[in-house]
Amino acid sequence: MTSPLLNVQNLVTRFYSDGAVIHAVNDVSFSLNAGESMAIVGESGSGKSVTVMSIMRLIRHPPGRIEGGKVFFEGQDLLAISEDEMRKIRGNRIAMIFQDPMTSLNPVLSIGLQMTESIQLHLGLSLKEAREKAIKMLSLVGLPKPQERIDDFPFQFSGGQRQRVMIAMALSCNPTLLIADEPTTALDVTVQAQIIELIQGLQQKLGMAVIWISHNLAMVAGVVNKVAVMYGGHLVEQAPVDALYEQPRHPYTLGLLNAIPKLEGRAQGRLVAIDGMPPDLRREPDTCPFAPRCIYALDKCREALPPLTQSAPGQLSRCWRSDELDQIANKVELS
Amino acid sequence: MFNYILRRLLVSIPILIGITVIVFFIASQMPGDAVLAMISTDTPQAEDLVKLRRGQLGLDLPIYEQYGRWVGQLLHGNLGFSFQSGESVISVIAARLPATLELMGVALIIAIILGVFLGVVSALKQYSWLDYSFTFFGFAGISIPDFFLGMVLVYVFSIELGLLPSSGISTAGNAFSLSDNLRHLILPAFALGLARTASFMRYTRASVLEVMNNDYVRTARAKGLGERLVTTRHILRNALIPVVTVIGITLPTLFGGAVIIEVIFQWAGIGLMFINAVTGRDSPVIMGYVLLSAVIVLASNLITDIMYSVLDPRIRYD
Ligand SMILES: Nc1ncnc2c1ncn2[C@@H]1O[C@H](COP(=O)(O)OP(=O)(O)OP(=O)(O)O)[C@@H](O)[C@H]1O
Ligand SMILES: [Mg+2]
């Protein structure tokens, strides 16, 4: 078996602010093969962005710090290499696109300059060659008349076009891994589908692996092989999409699935919101983070953090009751 | 852009007229006049002399008529003649302006270079001891008045250390030399520049801190750019836009501040000329100075706007 493209092991990232410790990412592990796509889902503040920013080593210190774990990428531990070496990987082997294309592009620089600066840096091309490459990328992402528009500034594009520019920029150095941090959240509903389709199409064409971050499970379910669910800084469940839909092994995942209205194949299908408040990340991460909101919680759940265990082939979950969840959930459903 | 500048220039005309009207009438309300300032009224013949001289200078006319005459001259490109020396106001200003521009220019360069540099360092090293000491220096610089700083500088560097001359634009009696002139310039230029340094530093720091947290800075890092490129191209380019405005707004206060500094250091510029003119009730010279200040204020606003649009494409393309 070949080693995975990305292998995150026991990643821990904390923020120190106003004397408090924020446990943003606790002991998160997952792996991704070349060309594969996965989703990281979870509610706002669950640590999705901090996880991928840690992989990119873009956590600013202060206030944040990666305090443990390993991030193997193409066989190399990214947390162990020098900043200079890391810089050669960022934007080159691993590229990233962000949530808000309005603010993610520099407003005072032309998109041409913003694209060519990294192309020149990573591919060692001349400015002229870099411009040609940029124009090629812009037409690849479906931006009309790229030769004429390359010297335009971000404010001269619509939101959807800007996200296309971001995608062109990210893919211009042929990364093997693309991280898309909620790439459609800030866009119109009609544009969202186009952008998702675009990334998916480019993935097939260029063969890179993609990590999709979203708080909308239904939106990414159709485009990924597997899903990692995060809650309160923990990875609570990881499974192939089908298995996750078929038999979720964590009550939070179950809640997420129930929150999706009219899901095909799930008879109950009604919209269920999860009661309660999101967890306080300042608490010590030594009990189940979901216990206070979990209708199946036992005393044990409030005393010890369950380990991430394999409950089915390829399916991992962090719940003391993962094996019996199916039965007890049905019972609650019937009563 | 060209239309915009033209529109701005046209709008400035009524503003200039308004300013001159107001200042002309205020100046006429000052106690005493140019004649009384020159002629002692102790002697018996004085009264006739005063009358005669007032007649010659037109000071016996109603104030609106005096203003009318002044504007009439102005339209012919003539700012009148000094009551005190009889020289044309334009030539007096032309003789004095270079010294003031030299003082202002060097003070401004000191303020921009030091202020922007310290502000950037302060922001990049936020909460370090460097940042704290710059912040302390900044507040001190903002709170200390120019003239006081000027006197402190004179005390330390001329009187105590004897390093630098304390007054004049060059050593009296010697032939003018640039190096001598620059030695005389150091203290007044720092006195005038340091307060602005402090304010530029505060603005730069705040602006850099704000820009640093923008998403596009994160994008730049995510592209693998080095810190130097991230700072210069992505942070500073954006952070300096508001600082340019502050610098533009500061120009008029620099012109005003130069008056006090010129008096303290006997720097023979236009500010010193103005103070002498006020003492002598020399209204043509006063009016000349006022007109020049008004033009400087309007010009700096216009220059600021142009700079702004050069730096910010969102405005350029409007
Ligand atoms: N710069 C920071 N300083 C302090 N705390 C931070 C910082 N960045 C993130 N955090 C903490 O980390 C937690 C996780 O944040 P993260 O951005 O990863 O959430 P997310 O899952 O991406 O949410 P969203 O869906 O809203 O993007 C947040 O709740 C926040 O408390
Ligand atoms: Mg996020």
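Refer to the preceding data block for the structure.
If you're wondering where the values come from, they're calculated on a predicted model, not measured in any experiment.

Our next topic: the packing of helix H5 (residues 89–124) of chain B against helix H12 (residues 283–311) of chain B. All names here are of chain B. As a packed pair, H5 and H12 sit with axes 10 Å apart at the nearest point and diverge in direction by 55 degrees. Considered as vectors, H5 and H12 are oriented oblique to each other. Crossing of H5 over H12 shows right-handed handedness. Residue-level contacts link Val 89, Ile 93 and Leu 97 of H5 to Pro 284, Val 285, Gly 288, Tyr 289 and Leu 292 of H12. Considered class by class, the residues forming the contact of H5 with H12 number seven nonpolar, one polar and no charged.

We now examine the site of ligand 1. Residues and elements named next belong to chain A. The environment of ligand 1 is made up of 15 residues, and the closest members are Ser 44, Gly 45, Ser 49, Val 50 and Glu 182. In this structure, Ser 44 approaches ligand 1 through a side-chain N or O atom, which is 2.4 Å from an oxygen atom. Contacts to ligand 1 include Ser 49, whose side-chain N or O atom sits 2.7 Å from an oxygen atom. Notes on ligand 1: free accessible area 630 Å², of which the protein chains cover 68%. Residue assignment for the shell around ligand 1 shows that the elements contributing at least two residues are strand S2 (20–32) and helix H1 (48–55). Tallied by class, residues from the shell around ligand 1 come to six nonpolar, six polar and three charged.

Contacts between the two partners involve 22 residues from chain B, matched on the other side by 28 residues from chain A. Between chain B and chain A lies a buried interface of about 2200 Å² when both sides are counted; carbon and sulfur atoms form 62% of it. The salt bridge involving B:Lys223 is made with A:Glu117; its shortest N-O contact spans 2.7 Å. Our enumeration of links across chain B and chain A arrives at 11 residue pairs in polar contact (both at pLDDT 80 or more).

A few words now on empty space enclosed by the protein. A complete count under the given rule lists two cavities of 30 Å³ or more for this structure. Reported here for the largest cavity is a volume of approximately 90 Å³. Around the largest cavity, the lining comprises 14 residues; the ones closest to its centre are A:Pro251, A:Cys288, A:Cys294, A:Cys301 and A:Cys319. Considering only residue class, the lining of the largest cavity consists of 12 nonpolar, one polar and one charged. Lining the second largest cavity are A:Gly91, A:Ala95, A:Met96, A:Ser118, A:Met166, A:Met169, A:Ala170, B:Thr219, B:Ala222 and B:Lys223.

In this section: the packing of aromatic side chains. In this structure the tally under the stated criterion is 11 aromatic pairs over all chains. Seen in terms of ring centroids, A:Tyr252 and A:Phe290 are 5.4 Å apart; in terms of plane orientation they differ by 65 degrees. Their pairing is edge-to-face. In this pair, A:Tyr252 sits in helix H11 (residues 251–258) while A:Phe290 sits in the loop between H11 and strand S11 (309–312), placing the two residues 38 residues apart along the sequence. Taking the relative accessible area as the measure of exposure, A:Tyr252 reaches 1% and is therefore buried. A relative accessible area of 3% places A:Phe290 in the buried class. Measuring from centroid to centroid gives 6.2 Å for B:Phe24 and B:Trp70, while their planes differ by 45 degrees, and the two rings are tilted. Highlighted residues: B:Phe24 in helix H1 (residues 2–28) and B:Trp70 in helix H4 (residues 63–75), separated in sequence by 46 residues. B:Trp70 carries the same exposure label as B:Phe24, and that label is buried. Taken together through their ring pairs, the aromatic side chains of B:Phe24, B:Phe25, B:Tyr67 and B:Trp70 make up a single cluster. Above the ring of B:Phe139, the side-chain terminus of B:Arg202 is found at 4.8 Å from the ring centroid.

The rules behind the values
Residues numbered from 1 in each chain as written. Chains lettered and ligands numbered in written order. Predicted model: local features only at pLDDT ≥ 70, side-chain atom pairs only at ≥ 80, totals over all residues. Heavy atoms only, no water. Axes fitted to C-alpha atoms, helices over the stretch in contact; angles between N-to-C directions. Helix = DSSP H or I, 4+ residues; strand = E, 2+ residues; numbered from the N terminus. Parallel < 35°, antiparallel > 145°, perpendicular 65-115°, else oblique. Left-handed = near helix turned anticlockwise from the far one by under 90°. Contact = heavy atoms within 4.5 Å. Nonpolar A, V, L, I, M, F, W, Y, C, P; charged D, E, K, R; others polar. Near = heavy atom within 4 Å. Polar contact = N/O pair within 3.5 Å; in protein donor to acceptor, adjacent residues only side chain to side chain. Areas by Shrake-Rupley, 256 points an atom, 1.4 Å probe, with all protein chains shown as cover. Buried area = accessible area lost by both parts, 1.4 Å probe. Salt bridge = Lys/Arg side-chain N within 4 Å of Asp/Glu carboxyl O. 1 Å grid on protein atoms, 1.4 Å probe; cavity = no way out; pocket = protein on both sides within 12 Å on 5 of 7 lines; lining within 4 Å. Points joined across faces, edges and corners; volume = space filled by probe spheres on them. Phe/Tyr/Trp six-rings, centres within 6.5 Å; stacked < 30°, edge-to-face > 60°. Buried < 20%, exposed > 50% of the residue type's maximum accessible area, 1.4 Å probe, protein only. Lys NZ or Arg CZ within 6 Å of the ring centre and 35° of its normal.

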